[in-house]
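Residues per chain, in single letters:
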Amino acid sequence: MPGEFRTQPLFGMQFLDMFMHDGVSETVDEAVQRHGGEGSASRTLFNQLSPTDQAALVTFVMHL
């Protein structure tokens, strides 16, 4: 369907240097902040984490 994106698997994140469906985001945090629509709830929850917990989550994702 137009306007829908297939989410890429998170495995292999450590080998990427650009993120999001369009490859424009330079960091995982930037990619999270660009999420809207169905992803907006996850963005809100991420933003409610402490900076330490945000960094820990990004580190975890980057090691998948």
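Residues numbered from 1 in each chain as written. Predicted model: local features only at pLDDT ≥ 70, side-chain atom pairs only at ≥ 80, totals over all residues. Heavy atoms only, no water.

### Some words on the overall build of the chain
Right, so step 1: Of regular secondary structure, the chain possesses 3 helices and 0 strands.
Right, so step 2: Element order for the chain, N to C, with α for helix and β for strand: α-α-α.
Right, so step 3: A total of 64 residues make up the chain; the buried ones form 16% of that total.
Right, so step 4: In the chain, of all internal contacts separated by at least 6 residues, the share reaching a separation of at least 24 is 27%.
Right, so step 5: Summed over all atoms, the accessible surface of the chain reaches about 5000 Å², with 61% contributed by carbon and sulfur. (Helix = DSSP H or I, 4+ residues; strand = E, 2+ residues; numbered from the N terminus. Buried < 20%, exposed > 50% of the residue type's maximum accessible area, 1.4 Å probe, protein only. Contact = heavy atoms within 4.5 Å. Areas by Shrake-Rupley, 256 points an atom, 1.4 Å probe, with all protein chains shown as cover.)

### Considering the confidence of the model for the chain
The predicted coordinates of low-pLDDT regions are not to be read in fine detail.
Right, so step 1: Mean pLDDT over the chain stands at 80; residues scoring 70 or higher make up 75%.
Right, so step 2: Per-element confidence in the chain ranges from a low mean pLDDT of 82 for helix 1 (residues 28-33) to a high of 92 for helix 3 (residues 51-62). (pLDDT = per-residue confidence, 0-100.)

### Thoughts on the side chain of Gln54
Right, so step 1: Its location among the elements puts Gln54 in helix 3.
Right, so step 2: Ignoring anything within four residues of it in the chain, the contact list for Gln54 reads Asp29, Phe46, Asn47 and Leu49.

### Structural notes on the environment of Val32
Right, so step 1: With respect to the element layout, Val32 can be found in helix 1.
Right, so step 2: A relative accessible area of 18% places Val32 in the buried class.
Right, so step 3: In sequence terms Val32 and Thr44 are 12 residues apart; their C-alpha atoms lie 9.3 Å from each other.
Right, so step 4: Not counting chain neighbours up to four residues away, the residues in contact with Val32 comprise Arg43 and Phe46.

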